[in-house]
Structures are given as C-alpha cells and as structure tokens.
Amino acid sequence: MLIELPPRIDDRTNARVVMLAKELKARCASRLRDVVVGYSSVTVYFDPLTMDMGWLEREARAADDGLRESAAIRGARIEVPVRYGGESGPDLQDVAAFAGLSQADVIAIHSSATYRVYMMGFVPGFAYMAVVDPRIAPPRRGSPRERVPAGSVAIAAGQTGIYPIETPGGWHVIGRTDLKPYDPIRADPFLFHPGDEVRFTVVPVASAGGPS
Amino acid sequence: MPALVVARPGMLTTVQDLGRWGQQASGVPVAGPMDAYSHRLANRLASNADDAAALEVTLIGPELVSRGSLVCAVAGAGFSVALNDTPIDTRSCFEVPDGSRIRFGSRGPGARASLAVRGGFDVPATFGSRATSLVSRMGPFGRALREGDELPVAMSAPRVAPRGKPLQLPGGGSRVRVLLGPHDSMFTADAVTALLSSRFVVTPQSNRMGYRLAGARLERRDETELLSEATPMGSLQVTSSGQPILLMADRQTTGGYPRIATVISADQPAAGQLAPGDWIEFVACTRDEAVDALRRQEAALAGAGS
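Here the structure is a predicted model, which means the values were calculated and not measured. (Residues numbered from 1 in each chain as written. Chains lettered and ligands numbered in written order. Predicted model: local features only at pLDDT ≥ 70, side-chain atom pairs only at ≥ 80, totals over all residues. Heavy atoms only, no water.)

## Section: the overall build of chain A
Here's step 1: A tally of helices and strands in chain A yields four helices and twelve strands.
Here's step 2: Taken over the C-alpha atoms alone, chain A extends approximately 65 × 35 × 30 Å along its principal axes.
Here's step 3: Split into buried and exposed, the 212 residues of chain A put 50% on the buried side.
Here's step 4: Sequence separation of 24 or more characterises 63% of the internal contacts of chain A that already satisfy a separation of 6 or more. (Helix = DSSP H or I, 4+ residues; strand = E, 2+ residues; numbered from the N terminus. Buried < 20%, exposed > 50% of the residue type's maximum accessible area, 1.4 Å probe, protein only. Contact = heavy atoms within 4.5 Å.)

Next up, the structure:
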C-alpha cells in the first residue's frame, strides 16, 4: 500500500510521513512486513492473505488523524567532518566550474547549511539529504563512476549524501569523511535516520609542504 | 559439523532465504530468491521451514561435495542433477552420503533452481536474514559462492509439510499479470496499450536486480520529476528513454523512475524463472484477482487440489 502526500521536498511534508510511518508501526508493526519512508510517501508491505486491505486503510487513516500538525519531530543533530577536494573530492573542480565559483566558495556554501535527512535508500545507510544551494547542485553526472569509495561526500540535483560502501555512483564527489553511515558492528548500525539534521564541517587537508 | 563444499560454483550461485525484511527504511535491500515459490517448495521437500537458507542456482549450476550425510532437495528450473554421476529424481528429496558429489547438468525450462538441505545452511544472519544481496554485499558471503566455500548445515528436527506441486515453468517466455500503477497516468494511452498488447524480451543487461526489457518504447505525457519512494519487487519502472525495467529480488529499496505497473505476487516466481532472450507479456488484472491468484498458489504449494 502506497500513501502519498503532495510531492514536495519540504520539512513539513516529510515530517508528516516520518511520523505516519512511526505511528503505523506502533499500531500494527507485528502484522506488517516493512514500512518505507520516501520524500513525501509511506509504503507499507503486507501479506494480503493474512491482512485485510480495508482494515489497513482504516488503520492508516486513524494513524494520520492522530498526528498533530504542529508536532514536527526533531531528529538527531549530526556533524560530519569532511576532507574536501583533491583525491578525496575529484568532482569539486567540476562543481566549481558549473557554479562559476572557486572551490573554496563551493566548500563554504556546502558546509554552511544544515541539511535534513529526508529518506534512506539506494544502499544500506545511504541518507538523502536536502536542500543543497541550487548554485552548487548540478544534475547527476552524465555517466556514473564505476567505483565511488566508501565515505565519499557527494551532491546532485539539490541533494547531498555520503556513500556508505564502495559502489558505482552518479553523484558529484566533492569530499570524503571517516564517519561510517553504515557500520554492522555499531549498536545502531545506521548513523542517519529520517528527520535528522546534518552539518558538514571542513577538515583542513595537510599539504605536502608541511604545516602552513 | 556437516557441510556442503563448493567444488565448482556455477554461473551465479548465492545463499538465499525469504529475504531481509524490516530494514528497508534504512536502505537495506530485501534480496531473497528470484522464485520464492520454488525456494519454499525445495525447503518443504527437505522438511525445512519455508524461510530456511538454501542455494539459488542460475543458468549453469554448481558442483558440490558433501561432508557428512545430508538430505537435499531441488525445485525450480528443470536441471538434470546427478549424485556421484547417477541421475537423480528431483521430485522428492534425496540422501547424500558423506563425500558425495552433487552435480548440476543440462538445463530444461526455467533459469533458476533452489537447492535446500535438511536443517538449512547454518551461516551468519544479518538483520535476521541469510539472504545474499549482491549490490550491497550483505549476507553470509556478501557475494556469489566461489570454489572452496564451505556451507555448514544445521541440525534440526525435520518438520513435515505437505508437498506441493512444482511451479509451472516458462518455456521460452511467460505471460504475467500486472496491476496498473502507481504512475500509469503519467504515460500516454498508447504506452499503456503497448505495455498490455506487445511482447517484450529480457535483454542480456538483466540480473538479480532487474530485467531490462526490449520492446515498445513507453512514452510519457507527463514529464514531472518524481521524488524517490519505495520500489517493490515486480515494479515496472520506465527510464527516461522509455525502456521498461522489471525490478526483481536484488532491487534497491527506493527509486525515482515512474512505475507504470506492478507484476502481481503470484506471478513473480514465473518472472523469476526468465533468462535473457526469453519473452514476457503483461496482462492487466484487478486487485481481487491478484489476491485470489495468490491464494490459489498458496493452496498449490500446500498440496491442495491436484
């Protein structure tokens, strides 16, 4: 079952779907196979042979009615230290060229905003964060890279994210972090959850010429 | 501990159970078998629970050597299977004495078979599942099996389940039922007609994640960019070039392409038996028909009727 709200990337819409998913799980988790949050949607997986669709629809409506408009949830605040540019961020130059700015400007813009985790997807632990300043948010790369290293910080189409594992990827890689969005041996393997607020901070890159 | 040892891995042999459910909200793919019906049937023939870990074998099967005596069962694609070079009847389970060699040979209809062993494979679980996701490299090996891999076998009390009928295997292609949507209204009427009246072919660019289909271009009338949302198995997503991709077991959890239709659960096993070069046709049905088809399939698996 797919529950759709007006398709918008905004905090209120997303906060509502995050809370709706939570509320639905609280009401009938044991009878649901999975609940997945999108930017503006909730998808519920269930077994139609053991659960009546009409009943589930009524539960979803009741869960939604129970949400208070104003009660936007506040997620965790997470700081992500990033080594921008160079080998860590091979596409920083391209993004700067797209923006008509210097690399330092792109770094300053990317690291000055607070981003919201709207949803998780793609691979385990990958968080879709938005909204990236449109000046530094080119569309996806024409052809995806075969291998993007784990920890790569990337931007595309108004979003930013961190690759949890090495995979192919079509976003522009501007830096790298040592934080692990997915770590199977951590108490909570997932660093990010929908609703979290994320800031990127600049790690000075040691230059070959020693301390400056 | 008894085990199966991989002597030759075959083309693509993976450990699968019924999938890693419950973590998709964190981006963890479900994975699991391409043909869940045959996975469950193989487990039932081996007196296991439906979700025990078994091997999924693809197109060219493996060669396996037993350590300790085992009881195995095979369901799905029509492979010839030999035990120490003697062909065996795969309609029921078979005993595998210590040091025996199980060899998959020529393949009849279907693309994938499940090999279950009584007790199930005792390999580590991640988030409660032993399914292998090739893309996120999750699961007991995090990859397809290789020569020398050892698969320990758990000892457990056999449960006797009624044996169901084998899946009707596609001979060169399959006609599957779909529910239109959720984004069919974003496509032209011609595109919907083409989807339901023409034949598509599974291209070589197809794998456990999904089948890229060749055939009619499915044109959109509404070019609005969609926001990413969950992508269930059986979704027919359409790329910007108009090519449909049928999302299969190892799909990502979410995606942003419009989905013109979804293959119903009861017909996903048949889709999972297709190989590159096979044809596929889509027929629209209603939600009630989809649930009814699933109910009848469950009855067939439970051995009801004949």
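## Overview of the packing of helix α1 (residues 11-28) of chain A against helix α2 (residues 53-65) of chain A
Residue and element names in this part refer to chain A.
Here's step 1: Their axes nearest at 9 Å, the elements α1 and α2 cross at an angle of 125°. Viewed along their axes, α1 and α2 adopt a mutual orientation that is oblique. Viewed along their axes, α1 and α2 form a crossing whose handedness is right-handed. The residues of α2 that touch α1, namely those facing R16, L20, E23, L24, R27 and C28, are W55, E59, A60, A62, A63 and D64.
Here's step 2: Split into classes, the residues belonging to the contact of α1 with α2 amount to seven nonpolar, no polar and five charged. (Axes fitted to C-alpha atoms, helices over the stretch in contact; angles between N-to-C directions. Parallel < 35°, antiparallel > 145°, perpendicular 65-115°, else oblique. Left-handed = near helix turned anticlockwise from the far one by under 90°. Nonpolar A, V, L, I, M, F, W, Y, C, P; charged D, E, K, R; others polar.)

## Notes on the side chain of Q16 of chain B
Residues and elements named next belong to chain B.
Here's step 1: Mapped onto the fold, Q16 is located in strand β2 (residues 14-16).
Here's step 2: Overall, the relative accessible area of 1% leaves Q16 in the buried class.
Here's step 3: A polar contact of 3.0 Å, which involves the side chain of Q16, links it to the backbone nitrogen of G32.
Here's step 4: Within polar-contact distance, the side chain of Q16 engages the backbone oxygen of T132 at 3.0 Å.
Here's step 5: Excluding residues within four positions of it along the chain, Q16 makes contact with A31, G32, P33, H39, A52, A53, A54, E56, R130, A131, T132 and R208. (Polar contact = N/O pair within 3.5 Å; in protein donor to acceptor, adjacent residues only side chain to side chain.)

## Some remarks on the pairing of strand β8 (residues 152-156) of chain A
All names here are of chain A.
Here's step 1: Most of β8 is tucked away: five of the five residues are buried.
Here's step 2: Where burial is concerned, the two faces of β8 agree: the one with S152, A154 and A156 and the one with V153 and I155 are both buried.
Here's step 3: Across four bridges, β8 lies against strand β9 (residues 159-162) in antiparallel orientation. Residue pairing in the sheet places I155 in a bridge with T160 of β9.
Here's step 4: The hairpin formed by β8 and β9 contains two residues between the paired strands, and A157 there has a positive phi angle of roughly 45°. (Pairing = 2+ DSSP bridges.)

## With respect to unusual backbone geometry
Here's step 1: In this model, A130 of chain A is joined to V131 of chain A through a cis peptide bond whose omega is 5°.
Here's step 2: Look at the link from G181 of chain B to P182 of chain B: it is a cis peptide, with omega at 10°.
Here's step 3: In this fold, P182 of chain B is placed in the loop between β12 (173-180) and α2 (189-197).
Here's step 4: If you check the backbone angles, A31 of chain B has positive phi at about 55° while not being a glycine.
Here's step 5: Locating A31 of chain B in the fold gives a position in the loop between β2 and α1 (36-45).

## Notes on the interface of chain B and chain A
Here's step 1: Taken together, the contact between chain B and chain A spans 31 residues of the former and 33 residues of the latter.
Here's step 2: Interface area for chain B against chain A, summed over the two sides, is near 2,600 Å², with a carbon-plus-sulfur share of 62%.
Here's step 3: On the chain B side of the contact with chain A, W21, A25 and L227 of chain B bury the most area, a combined 22% of that side's loss.
Here's step 4: Connecting chain B to chain A are zero salt bridges.
Here's step 5: Where chain B touches chain A, the interface holds six residue pairs in polar contact (both at pLDDT 80 or more).
Here's step 6: Broken down by secondary-structure element, the contributors of at least two residues to the side of chain B that touches chain A are β15 (229-230) and α4 (287-301) of chain B.
Here's step 7: The biggest single contributor to the side of chain B that touches chain A is α4 of chain B, with five residues. (Buried area = accessible area lost by both parts, 1.4 Å probe. Salt bridge = Lys/Arg side-chain N within 4 Å of Asp/Glu carboxyl O.)

## A look at the pattern of salt bridges
Residue and element names in this part refer to chain B.
Here's step 1: Tallied over the entire structure, the rule returns 25 salt bridges over all chains.
Here's step 2: Residue D50 pairs with R44 through a salt bridge whose shortest N-O separation is 2.9 Å.
Here's step 3: Using a relative accessible area of 18% as the deciding quantity, one classes D50 as buried.
Here's step 4: Residue class for R44 comes out buried when judged on its relative accessible area of 15%.
Here's step 5: One connected set of salt bridges, linked through shared partners, spans R40, R44, D50 and E298.

## Some words on the sheet that holds strand β2 (residues 34-37) of chain A
Residue and element names in this part refer to chain A.
Here's step 1: Spatially, β1-β3-β2 is the arrangement adopted by the three strands of the open sheet, whose pairing is antiparallel. The sheet is open, and its two edges are formed by β1 (2-4) and β2, each paired on a single side. Across the sheet, the mean angle from the axis of one strand to that of its neighbour is 15°, orientation sign disregarded.
Here's step 2: When β1 meets strand β3 (residues 41-45), the two strands line up antiparallel, connected through three bridges. Across the sheet, residue E4 finds its bridge partner in β3, namely S41.
Here's step 3: Packing of α1 onto the sheet brings it into contact with β1, β2 and β3, and relative to β2 it is tilted by some 170°.

## As for helix α3 (residues 92-99) of chain A
Turn by turn, an α-helix covers 3.6 residues, leaving residues three or four places apart pointing in a common direction.
All names here are of chain A.
Here's step 1: Along α3, the residues classified as buried are L92, V95 and A96. Take α3 and look down its axis: the buried residues cluster within an arc of 100°, on one side only.
Here's step 2: Structurally, α3 contributes buried residues whose contacts are with β4 (77-84), α4 (103-110), β8 and β11 (172-176).
Here's step 3: The positive-phi residue at the C-terminal boundary of α3 is G100, with phi of around 70°. (Arc of directions from axis to C-beta.)

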